[in-house]
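Next come the chains, spelled out residue by residue.
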Amino acid sequence: MWRGRSRWSTDCSFVDYDRDGDLDLFVVHYLDLDLKTTPKPGDKAQCQWKGLPVVCGPRGLPGETMSIYQNDGRGTFTDVSAKAGITGQKQYYGFTALVSDFDNDGWPDLYVACDSTASLFYRNRRNGTFEETGVISGTALNEDGREQAGMGATAGDFDGDGLLDIFKTNFSDDTPTLYRNLGDGNFQDVTVQAGLGVNTKFLGWGAAFLDFDHDGRRDIFHVNGHVYPEVDSASIGEKFEQPRVLYWNRGDKQYHDLSAISGPGFGARHSSRGLAIGDLDNNGQVELAIVKMHEAPSLLKNAAAPAGNALLVEAITAHGRAAIGARITVTTAGKTQIDGVRSGGYHISQSDFRVHFGLGSAVEAQLAIRWPDGTVQVLGPVPAGHWITVQQGKGMTRRQPFRRNEKKPIYEN
């Protein structure tokens, strides 16, 4: 239980950072806000944007730090931020928490996409503490050494090397950022090399790695929308409502923008924010749920026949809950994919805990699950075209074929 003053928190993730079997809570904070002392639109430099008077911040306003709360397993959480090495100087504007095992040591690490300040990377030291390595790991800044206005973040192995990479969306007049995981806690900004430097006018928010065509490669989807409604009447080439973007993974460590030919759900303009993905109708294809400003949410459905087969894996603990932090490895002939059961990420959203894998032409796969406590369970061969449930210590407890895919146009509501 937490008691104290209120804080402006923007995101959170459950994570068993100490691997004691109880889910702890990582919380991201944005501003130390005091409305009595905050300037009004246009009052100061940080309250203007391209000559327009706009709401102030975040630059010029007091920053924040992050928090982690330890679960004692009896219904009580204790703030252990300082003890765990999470508390630092209050100079960051945290937006999205991303939790994954980035160095493949079996312990979850923490990444925070920060707005207008360097982003943060907390490497788990496996003793109940973290070391903040954003700058030295290469994930704090872009390849030019510049701070960006990070919004959303997602993790996925885009190049198939067995390491989880990071994709981050940013403010307008910038590109998104793709950090390739080089191993041993080091990353490289490969945004331009990967073909992701083509769009600079979008203000990105929720983002996801996904395999929409089931070819076994992680594509990228992100939603966009400006924060200042004033841009619509300012004749500065910016729009409050913006289209969505879909990048197709070509398989050669490069992406191609397919947005223009991906249907009305991508071309439609909205001021989008949150994004969650999941197979809502259990037909083996991933749907996209999007929260927007000033209007109802959107739901995008993949109407195209995918190029390959798929597998949906639900991993649950011995106690029957989602195995948050589990690493899932799927192997088909000549190809291995990794992903995990993840809490948080994307942007202020929670996606399906079941993990979706495209299998290409493979009709079966070998499966290995490294559970949050470090133990490994191997299954297989597992047939493609199924939603399977695997419980720690018991093996496969459910195998359900995907529902028949009904042809419907991409839609939104």
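Before going into details, it helps to say that this report is about the structure given with it.

The next point concerns the pattern of salt bridges. Under the defined criterion, the tally for this structure stands at 23 salt bridges. Arg 74 is paired through a salt bridge with Asp 72; the nearest N and O atoms lie 3.5 Å apart. Here Asp 72 falls in the partly exposed class, since its relative accessible area comes to 30%. A salt bridge links Asp 252 to Arg 250, with the nearest nitrogen and oxygen atoms 2.6 Å apart. For Arg 250, a relative accessible area of 36% puts it in the partly exposed group. Put simply, Lys 50, Asp 173, Lys 201 and Glu 238 are held in one network by salt bridges that share partners.

So, about the pairing of strand S14 (residues 186-189). Burial of S14 is one-sided: the residues Phe 187 and Asp 189 facing one way are buried, the residues Asn 186 and Gln 188 facing the other way are not. The pairing of strand S13 (residues 177-183) with S14 spans four bridges and is antiparallel. Within S14, the residue paired with Tyr 179 across the bridge is Asp 189. Between S13 and S14, which follow one another and run antiparallel, lie two residues, and Asp 184 among them has a positive phi close to 55°.

Taken together, the side chains of Trp 8, Leu 33 and Leu 35 present a nonpolar region at the surface, about 320 Å² in accessible area. Among the structural elements, Trp 8 can be located in the segment before strand S1 (9-15).

Take the packing of aromatic side chains next. Within the structure shown, the criterion is met by 16 aromatic pairs. Ring geometry for Phe 26 versus Tyr 122: centroids 6.2 Å apart, planes at 75°, classification edge-to-face. Here the residue Phe 26 occupies a position in strand S2 (residues 24-29), and Tyr 122 occupies one in strand S9 (residues 120-124), the gap between them amounting to 96 residues. Each member of the pair, Phe 26 as well as Tyr 122, is classed as buried. Ring plane angle 50° and centroid distance 5.6 Å describe the contact between Phe 102 and Phe 121, whose orientation is recorded as tilted. Here Phe 121 lies in strand S9 and Phe 102 lies in the loop between strand S7 (94-100) and strand S8 (109-114), a separation of 19 residues in the sequence.

What follows deals with the side chain of Gln 391. Structurally, the position occupied by Gln 391 is in strand S28 (residues 386-391). Since its relative accessible area comes to 10%, Gln 391 is described here as buried. Within polar-contact distance, the side chain of Gln 391 engages the backbone oxygen of Thr 317 at 3.1 Å. Filtering out sequence-adjacent residues up to four positions away, Gln 391 remains in contact with Ile 316, Thr 317, Ala 318, His 319, Gly 320, Trp 371, Gln 377 and Thr 397.

With that settled, consider the sheet that holds strand S20 (residues 287-292). Overall, antiparallel pairing links the three strands, which are arranged S19-S20-S21 in an open sheet. Each end of this open sheet is capped by a strand with a single partner; those strands are strand S19 (272-278) and strand S21 (298-300). The mean angle between the axes of side-by-side strands here comes to 20°, regardless of whether they run parallel or antiparallel.

Put simply, the largest pocket is a space of about 960 Å³. The set of elements that each furnish at least two residues to the lining of the largest pocket consists of S1 and strand S3 (48-49). Looking at the lining of the largest pocket residue by residue, the class counts come to 25 nonpolar, twelve polar and eight charged.

Relative to the elements of secondary structure, Asn 181 occurs in strand S13. One polar contact links the side chain of Asn 181 to the main-chain amide nitrogen of Gly 183, over a distance of 2.8 Å. Setting aside residues no more than four positions away along its own chain, Asn 181 makes contact with Phe 102, Asp 161, Leu 163, Leu 164, Asp 165, Asn 186 and Phe 187.

The next subject is the environment of Ala 149. By the element assignment, Ala 149 lies in the loop between helix H2 (134-137) and strand S11 (150-156). If we ignore the near neighbours within four places in the chain, the residues touching Ala 149 are Cys 114, Asp 115, Ser 116, Thr 169, Asn 170 and Phe 171.

Analysis parameters
- Residues numbered from 1 in each chain as written.
- Predicted model: local features only at pLDDT ≥ 70, side-chain atom pairs only at ≥ 80, totals over all residues.
- Heavy atoms only, no water.
- Salt bridge = Lys/Arg side-chain N within 4 Å of Asp/Glu carboxyl O.
- Buried < 20%, exposed > 50% of the residue type's maximum accessible area, 1.4 Å probe, protein only.
- Helix = DSSP H or I, 4+ residues; strand = E, 2+ residues; numbered from the N terminus.
- Pairing = 2+ DSSP bridges.
- Patch = residues over 30% accessible without salt bridge, like charges linked within 9 Å, V, L, I, M, F, W, Y side chains within 5 Å.
- Areas by Shrake-Rupley, 256 points an atom, 1.4 Å probe, with all protein chains shown as cover.
- Phe/Tyr/Trp six-rings, centres within 6.5 Å; stacked < 30°, edge-to-face > 60°.
- Polar contact = N/O pair within 3.5 Å; in protein donor to acceptor, adjacent residues only side chain to side chain.
- Contact = heavy atoms within 4.5 Å.
- Axes fitted to C-alpha atoms, helices over the stretch in contact; angles between N-to-C directions.
- 1 Å grid on protein atoms, 1.4 Å probe; cavity = no way out; pocket = protein on both sides within 12 Å on 5 of 7 lines; lining within 4 Å.
- Points joined across faces, edges and corners; volume = space filled by probe spheres on them.
- Nonpolar A, V, L, I, M, F, W, Y, C, P; charged D, E, K, R; others polar.

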